[in-house]
Amino acid sequence: MLINKLDNVEVNTENGHKYARFDIKKGENIIKYGSPIGHATEDIKKGDHVHSHNVKTNLSGNLEYTYNFKDYGIPKINSDLTFDGYVRENGDVGIRNEIWIVNTVGCVNKIAEKLSKITGAKNFPHPFGCSQLGDDQTKTQQILRGMVNHPNAAGVLVLGLGCENNNIGVFTAVLGEINENRVRFLNCQDFEDEIAEGVRLINELKAYADTFKKQKISISRLRIGLKCGGSDGLSGITANPLVGSLSDKIISYGGSCVLTEVPEMFGAEHLLMERAENKAIFDKTVALINNFKDYFTRHNQVIYENPSPGNKAGGITTLEEKSLGCVQKGGLSTVVDVLDYGDTVTKNGLSLLNGPGNDIVAVTNLMAAGVHMILFTTGRGTPLGSAVPTVKVATNNLLAAKKSNWIDFDASALLGDKTMEQLTEEFLTYILKVASGEETKNEINDYREISIFKDGVTL
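The rules behind the values
- Residues numbered from 1 in each chain as written.
- Predicted model: local features only at pLDDT ≥ 70, side-chain atom pairs only at ≥ 80, totals over all residues.
- Heavy atoms only, no water.
- 1 Å grid on protein atoms, 1.4 Å probe; cavity = no way out; pocket = protein on both sides within 12 Å on 5 of 7 lines; lining within 4 Å.
- Points joined across faces, edges and corners; volume = space filled by probe spheres on them.
- Helix = DSSP H or I, 4+ residues; strand = E, 2+ residues; numbered from the N terminus.
- Nonpolar A, V, L, I, M, F, W, Y, C, P; charged D, E, K, R; others polar.
- Pairing = 2+ DSSP bridges.
- Contact = heavy atoms within 4.5 Å.
- Axes fitted to C-alpha atoms, helices over the stretch in contact; angles between N-to-C directions.
- Core = buried A, V, L, I, M, F, W, Y, C linked by side-chain atoms within 4.5 Å.
- Buried < 20%, exposed > 50% of the residue type's maximum accessible area, 1.4 Å probe, protein only.
- Salt bridge = Lys/Arg side-chain N within 4 Å of Asp/Glu carboxyl O.

*Asks:* I'm lost on empty space enclosed by the protein in this one. Help?
*Replies:* If you roll a probe as big as a water molecule over the atoms, it shows you where there is empty space left. Under the defined criterion, the tally for this structure stands at one cavity of 30 Å³ or more. Roughly 60 Å³ of volume is contained in the largest cavity. Every residue lining the largest cavity is counted, 13 residues in all, and those nearest its centre are S235, I316, E321, K322 and G325. A total of four residues in the lining of the largest cavity trace back to one element, the largest contributor, which is helix α9 (residues 319-326). Looking at side-chain class alone, the lining of the largest cavity contains four nonpolar, five polar and four charged residues.

Shown next, in the form of structure tokens:
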């Protein structure tokens, strides 16, 4: 059993569920992580199971917040740690040297798949790019632009059809200035044999990619995305705190980490707001939270019914509980920026990224923001992988043993004899190996997916 001294529940380390440490009166707050996660809907006796049948959320509507900065003293350290990566012509760095096929429209998915099989280039099917209007099309273009510009791709083939709303001419204007050696375009309707033309262009991109050789690169250049999915009651006790500890260490060395899943900040947003670097970042964080609540309201959806069936089966009862565990991935570092959907991370430190909690949309969002890899914690297990290396961190050893073909790192050692400091150092060693080329399970299995946030009109 694991507890915080303020908690009136304790967590069973075998099933992740909560049990009352003391008698709890109806209406009294349930305390976990030292904070309320809801209130009792009936009297609860010491030792009773505490879950959805006797707990209800405290959350409702938009809130007003006051800025009171809290500095947790994460040090700035000049580190000589490095990884073996690739320096691009524009000065950016990548941890992979791949060729990517980026579709402007879903109609060419199978062509991209065939080109991938022939050449080994990576393809990422999606159903978007045609018949989208306004902001809905803009969101698609922003994510695809982030893919085209991603430094893990040494070369990119932009593959279009010709009649789509997001046709190559329109998309090129969104891309802005490009390196013609690195980015090639193929409009399939323009060629009698689009496969032969695609193979020719990809081979030229491969020749360009071969000009890049691995170099020692400072850890301060590393950009990492933070994500959780298929969470359980141990997520906020093992894997998420471990990722938070690693995040603080990366940031202390001058690196960048990005936290997203805005609905999974609801109920814990105050812990992020108190770390906003200045009033402007605080105001942007408030807007980030309240605007996403407004999005739920516009669609007549309940804001605070987020925990999925799998989350609940794993012991998570309310959104406050999920959020208080979720935000721990961001450690205790100062929040230096708030990014909108489709923005690219530019500042060293912890950034918050607008976007939903949906796993495949969130990992796509993080990838398009320019992170080199994603640390993905899970208590239930998931094979999902992004276009960038996606490190699966298990919350419990049963999952790590059962799904060793999915899991890259086991955080459950924190329940044994490993200290947070010891396991963080082990985790950092592994992360630098991944940054230097060691493949994650999603790469070994070739599980690489994208999905784009849809919020608008389709013709």
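*Asks:* Mind showing me how you'd approach the sheet that holds strand β3 (residues 29-32) here?
*Replies:* Sheet strands line up and pair through hydrogen bonds in the backbone, either parallel or antiparallel. In spatial order, the strands read β3-β4-β6; together these three strands make up an open sheet with antiparallel pairing. For this open sheet the edge positions go to β3 and β6 (55-56), each flanked by a neighbour on one side alone. For β3 and strand β4 (residues 35-40), the ladder comprises three bridges, and the chain directions are antiparallel. Looking at the pairing, K32 lines up with S35 of β4. Contacting β3 and β4, α9 crosses the sheet at an angle of about 165° to β4.

*Asks:* I'm lost on the sheet that holds strand β13 (residues 215-218) in this one. Help?
*Replies:* Sheet architecture is open: three strands sit in the order β8-β7-β13, paired in antiparallel fashion. Edge positions in the open sheet fall to β8 (93-94) and β13, since each of these has one partner strand only. The pairing of strand β7 (residues 82-87) with β8 spans two bridges and is antiparallel. For Y86, the partnering residue across the bridge sits in β8 and is G94.

*Asks:* How should the nonpolar core be read in this particular structure?
*Replies:* Formed by 100 residues in total, the largest nonpolar core has its most connected members in L375, F427 and I431. With residues up to four places along the chain from it excluded, the contact list for L375 reads I224, G225, L226, K227, V243, L246, V391, F427 and I431.

*Asks:* How do you make sense of the pattern of salt bridges when you look at a structure like this?
*Replies:* Where charged atoms from two side chains of opposite charge approach closely, those side chains can pair. For the coordinates displayed, the defined rule picks out 22 salt bridges. Ionic pairing is found between E321 and K32, a salt bridge with its closest N-O pair at 2.8 Å. Note that E321 is positioned in helix α9 and K32 in strand β3, a separation of 289 residues in sequence. Three or more residues are tied together by salt bridges with common partners; here these are R184, E197, R200 and E204.

So yeah, pure geometry; function would need other evidence.
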